[in-house]
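Read off the chains here:
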Amino acid sequence: MNLIDKLQNVDTRIIYIVLLITLSIPLLHPIGIPMQINPMTRAVYDIVEGLDPEKDIVLLSMDYMPGAGLDAEVCPIAVVEHLMERGIKWVAISFGTTDGPMMTNRIITDLERRGYKYGEDFANLGYMAGGENAIRLFALDCLSVPTDVRGNRTSDLPVMQGIRTIKDFAFVMQFSASTPEAWIRQVVDPMGIAFATGTVTVCVPSLVPYYNSGQLKGVMGGVSSAAQYEILCNKPGRGASMMDAQSMGHLIIIFFIVLGNIGYFLSKRTKENLAAK
Amino acid sequence: MQISTNIWQWISVACIFGMWSLPLYKDNPFYRVCQNIFVGSCAGHAIGIAVGNMVKYGFQPVIQQSQLHLIIPIVLGILLYARFFPSVAWLSRWSVAFLVGVGVGQAIYSSLRSQVINQAVAAMTKFPGETLGTTVNNLISIIGLLAVLTYFLFTIPQTRFVKGFSQLGRWLMMVTFGVGFGNVVSGRLSVLLGELLKIFQDWLGLI
């Protein structure tokens, strides 16, 4: 195998090891690569900043699973931190995956350790089966969920006082590893609520039309959005700490793509030269 | 460096190394064990939540609050399992018919409104826009929309002008696919970074 063939057939194990090394170095020794704030992320921040801690309650639909990794988890962590910092109460529920309540509990456990009160500052209503129909049912009657994950009656929770329909929430945000079309179809358009979404990076391009049409008031996508959100909040967290490594990873991928293409064009030219002879 | 003393962190990191052993080495028993732990724990958790849901939304309201109308969906749910018994398999069609009917009924009207009409309205941009930048953006948006739609016009002959315009649509789609691929790479890197953070931060305490 000559050099041109080797360029096109780099052993994937070499790519993985180079990636692991390249990502590990900036994680351990951050470089501080500057980043720009995306308007879609800023829109979510502005909505949360505009909420009134005295009366506004936020609904979070936690529809991501552990398999989606940190790409899905950093956005809700950043937004919940902002909500708690501003003293805004929130309620979580899951429609998209049975793992949602478990992922919410991961956030809640940390908050309780820091002195926040379950039931007063936040609550986890658990998983409601039925997908799109369940979303519609909950939107029309939030007390259709009889108990939360801890067995408390939903109507008795201090954070749920005054909540009857989804319109009683000042802001609704879904965090998922997919797209929020079900929410847009069943709740956002028919009921006209303020709705934003936080999803994994892969899904962001398909959500831009909904943001441009105003159906989504804001979009957060993966680690980069979470990092931007943390910067906006002046609280750099896990998202921000990963951005240097993420940028280095992109450079490595670009390097290997360029390498493969150089090999492709060189081999094409060699074949053409041979054919001409 | 402060290595975690939490046994779950050790198990978690061992599973990460187990999963990595497939691409970095080859299929091996360690990988299989980790894979089975993942599949088993996911399935167990999903079953637990599903049973909890049946109790919370089905049996408890019927028994404790006498909401007898809930017996109908419970019976329809049980009928789904009739398909495993050939003599009464036809009964499961009632439940499927109900599910399909409700699903289609919910989706048809709302999809048309949210994903066709509202998107079409949003595509009707103001021209000229408030600023030069907005005007250019709107122009790109509307030309892009028409070009991509032209690419999928199969009922008119692809004459010189139409062919050129549909080629533009094809190029715009290629750019979109490129953006999509870039996001996939970025997303996968984020997942890997999450695992590295777990190793360096939660397990080894290096960060």
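Here the structure is a predicted model, which is why all the values come from computation and not from measurement.

Chemist: Lay out the overall build of chain B in plain terms, naming residues and giving numbers.
Modeler: The helix and strand inventory of chain B stands at six helices and zero strands. Ordered by position in the sequence, the α and β elements of chain B form the string α-α-α-α-α-α. In terms of overall dimensions, chain B is more spread out than a globule: its C-alpha atoms have a radius of gyration of 28 Å, far above the 17 Å expected for 207 residues. Each of the three principal axes of chain B carries a C-alpha extent, and together these read 65 × 60 × 40 Å. Across the 207 residues that make up chain B, the buried fraction comes to 27%.

Chemist: Pulling in residues and values, what's your account of the overall build of chain A?
Modeler: When you go through chain A residue by residue, the secondary structure sums to ten helices and six strands. The principal-axis extent of the C-alpha atoms belonging to chain A is close to 85 × 40 × 30 Å. Put simply, chain A has 277 residues, and 51% of those count as buried. In chain A, once contacts between residues fewer than 6 apart in sequence are set aside, the share between residues at least 24 apart is 70%. Summed over all atoms, the accessible surface of chain A reaches about 12,000 Å², with 56% contributed by carbon and sulfur. Counting 23 positive and 27 negative side-chain charges, chain A places the averaged centre of each group 6 Å from the other.

Chemist: So, the packing of aromatic side chains: which residues are in play, and what are the values?
Modeler: All names here are of chain A. All told, the structure shown has 16 aromatic pairs over all chains when counted by the stated rule. Ring centres of Phe-95 and Trp-183 lie 5.8 Å apart, and the angle between their planes is 70°; this geometry places the pair in the edge-to-face category. With a gap of 88 residues between them, Phe-95 in the loop between strand E2 (89–94) and helix H5 (100–113) and Trp-183 in helix H7 (residues 181–191) connect regions that are remote in the sequence. An identical accessibility class is assigned to Phe-95 and Trp-183; each is buried. Taken together, Phe-95, Phe-138, Trp-183 and Phe-195 form an aromatic cluster joined through their ring pairs. Its end group placed over the ring of Tyr-118, Arg-150 keeps NZ or CZ at 3.9 Å from the ring centre.

Chemist: Now, about the confidence of the model for chain B: what can you tell me, with residues and values included?
Modeler: On average, residues of chain B score 90 in pLDDT, and 100% of them are at 70 or above. Overall fold confidence (pTM) sits at 0.87, and the ipTM for the predicted complex is 0.83.

Chemist: Kindly report on the sheet that holds strand E5 (residues 195–199) of chain A, identifying the contributing residues and their values.
Modeler: All names here are of chain A. Taken together, six strands build an open sheet; the order of strands is E3-E2-E1-E4-E5-E6 and the sheet is parallel. In this open sheet, the two strands that pair with only one neighbour each are strand E3 (122–127) and strand E6 (218–221). Mean inter-strand twist for the sheet, computed between neighbouring axes without regard to direction, equals 15°. In terms of strand pairing, strand E1 (residues 57–63) meets strand E4 (residues 171–176) through six bridges, oriented parallel. Directly across from Ser-61, in E4, lies its bridge partner Gln-174.

Chemist: For the pattern of salt bridges, give the residues involved together with the corresponding values.
Modeler: Residues and elements named next belong to chain A. All told, the structure shown has 14 salt bridges over all chains when counted by the stated rule. The partner of Glu-81 in a salt bridge is Arg-114, and the shortest N-O contact between them spans 2.7 Å. Placement of Glu-81 in helix H4 (residues 70–86) and of Arg-114 in the loop between H5 and E3 is noted, with a sequence separation of 33 residues between them. Taking relative accessible area as the criterion, Glu-81 reaches 18% and is therefore assigned buried. Asp-110 is the partner of Arg-114 in a salt bridge, and the nearest nitrogen-oxygen pair spans 3.0 Å. Classification of Arg-114 as partly exposed rests on a relative accessible area of 39%.

Chemist: Explain the pairing of E6 of chain A residue by residue, including any values.
Modeler: Residues and elements named next belong to chain A. Residues Gly-218 and Met-220 of E6 are buried on one face, and the alternating residues Val-219 and Gly-221, pointing to the opposite face, are buried as well. In this sheet, E6 lies alongside E5 in parallel orientation, the contact comprising four bridges. Residue pairing for E6: Thr-197 is matched across the bridge by Val-219. Crossover handedness for the path E5 to helix H8 (residues 204–212) to E6: right-handed.

Chemist: Please set out helix H3 (residues 39–49) of chain A residue by residue, giving values where relevant.
Modeler: Residue and element names in this part refer to chain A. Among the residues of H3, Met-40, Thr-41, Ala-43, Val-44, Tyr-45 and Val-48 are the ones counted as buried. Buried residues belonging to H3 abut H4, E4, E5, H8, E6 and helix H9 (222–232). The residue sitting at the N-terminus of H3 and contributing the capping side-chain oxygen is Asn-38; that oxygen lies 2.8 Å from the backbone nitrogen of Met-40.

Rules used in this analysis
Residues numbered from 1 in each chain as written. Chains lettered and ligands numbered in written order. Predicted model: local features only at pLDDT ≥ 70, side-chain atom pairs only at ≥ 80, totals over all residues. Heavy atoms only, no water. Helix = DSSP H or I, 4+ residues; strand = E, 2+ residues; numbered from the N terminus. Rg over C-alpha atoms; globule rule 2.2 N^0.38 Å. Buried < 20%, exposed > 50% of the residue type's maximum accessible area, 1.4 Å probe, protein only. Contact = heavy atoms within 4.5 Å. Areas by Shrake-Rupley, 256 points an atom, 1.4 Å probe, with all protein chains shown as cover. Lys, Arg positive; Asp, Glu negative; His and termini not counted. Charge placed at Lys NZ, Arg CZ, Asp CG, Glu CD. Phe/Tyr/Trp six-rings, centres within 6.5 Å; stacked < 30°, edge-to-face > 60°. Lys NZ or Arg CZ within 6 Å of the ring centre and 35° of its normal. pLDDT = per-residue confidence, 0-100. Pairing = 2+ DSSP bridges. Axes fitted to C-alpha atoms, helices over the stretch in contact; angles between N-to-C directions. Salt bridge = Lys/Arg side-chain N within 4 Å of Asp/Glu carboxyl O. Right-handed = clockwise from strand over helix to strand, strands pointing away. Polar contact = N/O pair within 3.5 Å; in protein donor to acceptor, adjacent residues only side chain to side chain.

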